[in-house]
Every structure is written in structure tokens, then in C-alpha cells.
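Residue-level structure breakdown
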Amino acid sequence: MALSCSSLCSRLSLTRLSGLSTNRITHVLCRHFTSSKVRRGIGRYVSSRIQWANAKYEDFLKRRFPRFFLLYHTFKVGFRMLFQDARDVKRIKTKMLAEGVKFHDLHYREMEKLRQFRRDLIKAIPLVIITIPPFANYLIFFLMYFFPRQLLIPHFWTPRQQLEFRKVYHSHRTRHHQPVLKELEDVSQQVKNSHLQGLLKNLCTKVQRGGNPNVSEILAVRSLFSKAPLAMNTMSNNQIRHISPLLFLTARLPGFLIGRRLNSHAVELFQLDRALSQMGPHQLSEWELKQACYVRGMNTDSLGTSQSREWLSQWLQVSSALKESELSLLLHCMVLMSANYPSAASRH
């Protein structure tokens, strides 16, 4: 009887203790989850109010200061695009390091992303350096507003500026078309093979008279561009200095540096062509198509999509038939294939 009483008392004590413990734990958990819900609710409320205030602010700017709103909106979208590009580049670089992937083995869009981001970064570095001194931010905004083409990367250009600045940059390239052709015609005098010399002269004359050579006419002289005096490492300094601006490279450097940079960009363009041919140019969006043509020396803003695809298809036919030792011809095609294409296309 005594044992049963003591057993009963111990069970009652355990039940009481367990009940107190359970109630305490339940209270703590309820308080934790309730506070978490409250925090999330407050966070959502604050976020919604910020979005509402931002929308009101943008609406105010749009109504009262439309020009400033366009600048503000362009910068907002531009920073968003820039951060996305930075994340993409980081992902690509991580992939290359982790998997041992080389640049020429990447997908076309990944190669193009790295190429363009590197160019944008090089252009942005001087602007970042200017902002280092105290109170330089005010000067930066002044310079960015009045000199957007020289200081800003395309992420921060308005759609109108995109068209305008692309046209300006392309006009800088077209100034070198005739000098490149004249230099090529002069070099043809050094060709010993009379048949090939005649083909090269006819090619230069056709372009100078406003014609467009076809793929077979260009490939007929390909063997001349793998040896002196037209190979990459044997071109004259004058020819190198005229071709460099076609790739937006400065010609205000010593000859050996210009030649090294030109060769590096030519190889990169050749690898891009290989990747694009493998992917299929038909998969390019309209913007990607325009950008692909522009990089290769052709401004297609005044052309239709079908004409742009036709030009790019011809370019890839030439590029895919060349060897790396004949890259000099690929660079000359930036003049041979684009100098007269818009006017010729408009006549059809």
C-alpha cells in the first residue's frame, strides 16, 4: 500500500512537472513565432511604403521634370543592368576556374558578355579615379550630364543616345575605310603572283567604286593574307594604325603595342565567330544581331532584320573558311564587306 501511494505521488509529481515544462516551452515557441510573424509583417509594410513613396516620387518627377526623370530612370535601369552583368561575369569566371574552361570553349553569349564587360570596365576606370578626391562627386555629375558619350558606358545611355552615339562611333571608323583600301591597293604591287595580284586589285577597285564583293571574290585572295606583306605580323605600321580604329583601338601607341593589341582582338573576334557559327546566328535576338554586326564593322541601325542577318551570314561564311594564320583578311573584311553595304542594300 505504501509503495502504491509513493508511486502514485511520484507520477503526479512528474505529470505536474511535465505539464509546467510543456506550458513553458509552448509559451516560448508561441512568443518566438509570433515575433517572427510580426517582424515579417513590419518588413512587408515598410517595403510596401517605400515602394509607394518611390512610385509617388517617380510620378512627381515624370510630371514636373520630364527631362530629369528620363535621366533618373536611365541611371536606375542602367545600374540594375550593370549589377546583373557583374553577377553573370562572376558566374562565368567561377565556371572557368572550377571546370578549367578556356575562353574559346565558352558559349557565344558568355564570350560576348566577358568581352563587352571588359570594355565597359576599362572605360569606367578613369571616371572612378576622378571621384576619389573630396567633393569630386559634384564635378562628376556635371561631366556625366554634358559628356555622356565620352564618360558613360552604354548601360547609362538613353535609347536616343544609343542610336546617336553608335552612329558617331561608326563615323569614326568609316574615316579609315579609304586609307585601308588605298594601303591594300599599294601593297598589291608587291604581290609576285600576277593572277592573285590582279584579283586583289580588282577587289579594291570594286569596293572603291561603290560595289560589294561576294564571298567567293574575297576568299579567292585569302592565301595572300597568310604571308608577307599582308599577314598579321608583317603589315606596315600605316596599315595597322588605320585598321585599329575599326576595332575601336587607339592608334596613339608605339607600333609594337598596337600590333600586339590588334592581333589579340583579331583572335578574339575569330573565336567569337566560331562560337556564333556553332550556336547558329538565327538564335540571336534583334538587339544581339545588331550588336554582332556592329562589332564586325557594320552599323545596321538603318537596315531591316533580314538584311542584317544576310550580312552576318556572309561574314560568317568568310570567317569559317579562314585559318588563324589568315586573320589579317578578316580584319580587312570590316572594310571590304561593310563600306558600301547600306547603299547597295537600299538599291534593291
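- By the naming in an unreviewed UniProt entry, the protein is LETM1 domain containing 1, taken from Xiphophorus couchianus.
- In the Subcellular location (unreviewed entry) part of its UniProt record, the protein is described as follows: "Mitochondrion inner membrane".

1. Points about the pattern of salt bridges
- Evaluated as defined, the whole model comprises 12 salt bridges.
- Linking D85 and K113 is a salt bridge whose minimum nitrogen-to-oxygen distance equals 2.8 Å. Here D85, found in helix 2 (residues 66-99), pairs with K113, found in helix 3 (residues 108-130); they are 28 residues apart in sequence, far enough to count as distant.
- Since its relative accessible area comes to 14%, D85 is described here as buried.
- For K113, a relative accessible area of 25% puts it in the partly exposed group.
- In this structure, the salt-bridge partner of R222 is E326, at a minimum N-O distance of 3.2 Å. Pair noted here: R222 is in the loop between helix 9 (215-219) and helix 10 (237-243) and E326 is in the loop between helix 13 (305-321) and helix 14 (327-336), with a separation of 104 residues, a long-range link.

2. Topic: unusual backbone geometry
- At the junction of A228 and P229, the peptide bond is cis and its omega measures out at 5 degrees in the coordinates.
- Inspection of the secondary structure assignment puts P229 in the loop between helix 9 and helix 10.
- In this structure, F248 is a non-glycine residue whose phi angle is positive, near 60 degrees.
- With respect to the element layout, F248 can be found in the loop between helix 10 and helix 11 (255-279).

3. Here we look at the packing of helix 7 (residues 177-187) against helix 8 (residues 194-208)
- Put simply, helix 7 and helix 8 touch, their axes get as near as 9 Å, and they point 155 degrees apart. Our classification of the angle between helix 7 and helix 8 gives roughly antiparallel. Between helix 7 and helix 8 the crossing geometry is left-handed. Across the interface between the two elements, Q178, L181, K182, L184 and E185 of helix 7 pack against L200, C204, T205, V207 and Q208 of helix 8.

4. Looking at a nonpolar patch on the surface
- Nonpolar side chains collect at one region of the surface, where Y57, F60, F65, F68, L71, I130, L139, F142, Y145, F146 and F147 lie side by side and expose about 1,000 Å² of accessible area between them.
- Counting residues per element, the ones that place at least two in the nonpolar patch are helix 1 (2-64), helix 2 and helix 4 (136-146).
- No other element matches the four residues that helix 4 contributes to the nonpolar patch.
- Along the polypeptide, L71 turns up in helix 2.
- You can call L71 partly exposed: its relative accessible area is 30%.

5. Overview of the nonpolar core
- Ranked by size, the top nonpolar core spans 76 residues in total, and within it L262, L312 and W315 carry the most contacts.
- A domain split of this core shows at least three residues from each of domain 1 (47-154) and domain 2 (160-337).
- Apart from the residues within four sequence positions on either side, L262 is in contact with M232, M235, I240, I243, S244, L247, L249 and L331.

6. Details of the packing of aromatic side chains
- One pass over the structure, following the stated rule, counts 10 aromatic pairs.
- Between W157 and F165, the ring centres sit 4.9 Å apart and the planes meet at 80 degrees, which makes this aromatic pair edge-to-face. For the pair shown, W157 and F165 are each scored as buried.
- These aromatic residues form a ring-pair network of at least three members: W157, F165, Y169, F248 and Y294.
- Over the face of the ring belonging to Y169 we find R149, whose NZ or CZ atom lies 5.4 Å from the ring centre.

7. So, the confidence of the model for the protein
- Residue-level pLDDT values for the protein average 85, and 84% of them are 70 or greater.
- Below pLDDT 50 for its whole length, residues 1-23 participates in zero contacts with residues either more than four positions away or in separate chains.
- Note that pLDDT drops below 50 for residues 344-348; the model gives that stretch four contacts with residues more than four away or on any other chain.

Calculation notes
- Residues numbered from 1 in each chain as written.
- Predicted model: local features only at pLDDT ≥ 70, side-chain atom pairs only at ≥ 80, totals over all residues.
- Heavy atoms only, no water.
- UniProt positions renumbered as here; feature names shortened; annotations may be inferred.
- Salt bridge = Lys/Arg side-chain N within 4 Å of Asp/Glu carboxyl O.
- Helix = DSSP H or I, 4+ residues; strand = E, 2+ residues; numbered from the N terminus.
- Buried < 20%, exposed > 50% of the residue type's maximum accessible area, 1.4 Å probe, protein only.
- Axes fitted to C-alpha atoms, helices over the stretch in contact; angles between N-to-C directions.
- Parallel < 35°, antiparallel > 145°, perpendicular 65-115°, else oblique.
- Left-handed = near helix turned anticlockwise from the far one by under 90°.
- Contact = heavy atoms within 4.5 Å.
- Patch = residues over 30% accessible without salt bridge, like charges linked within 9 Å, V, L, I, M, F, W, Y side chains within 5 Å.
- Areas by Shrake-Rupley, 256 points an atom, 1.4 Å probe, with all protein chains shown as cover.
- Core = buried A, V, L, I, M, F, W, Y, C linked by side-chain atoms within 4.5 Å.
- Domains from an automatic or database assignment.
- Phe/Tyr/Trp six-rings, centres within 6.5 Å; stacked < 30°, edge-to-face > 60°.
- Lys NZ or Arg CZ within 6 Å of the ring centre and 35° of its normal.
- pLDDT = per-residue confidence, 0-100.

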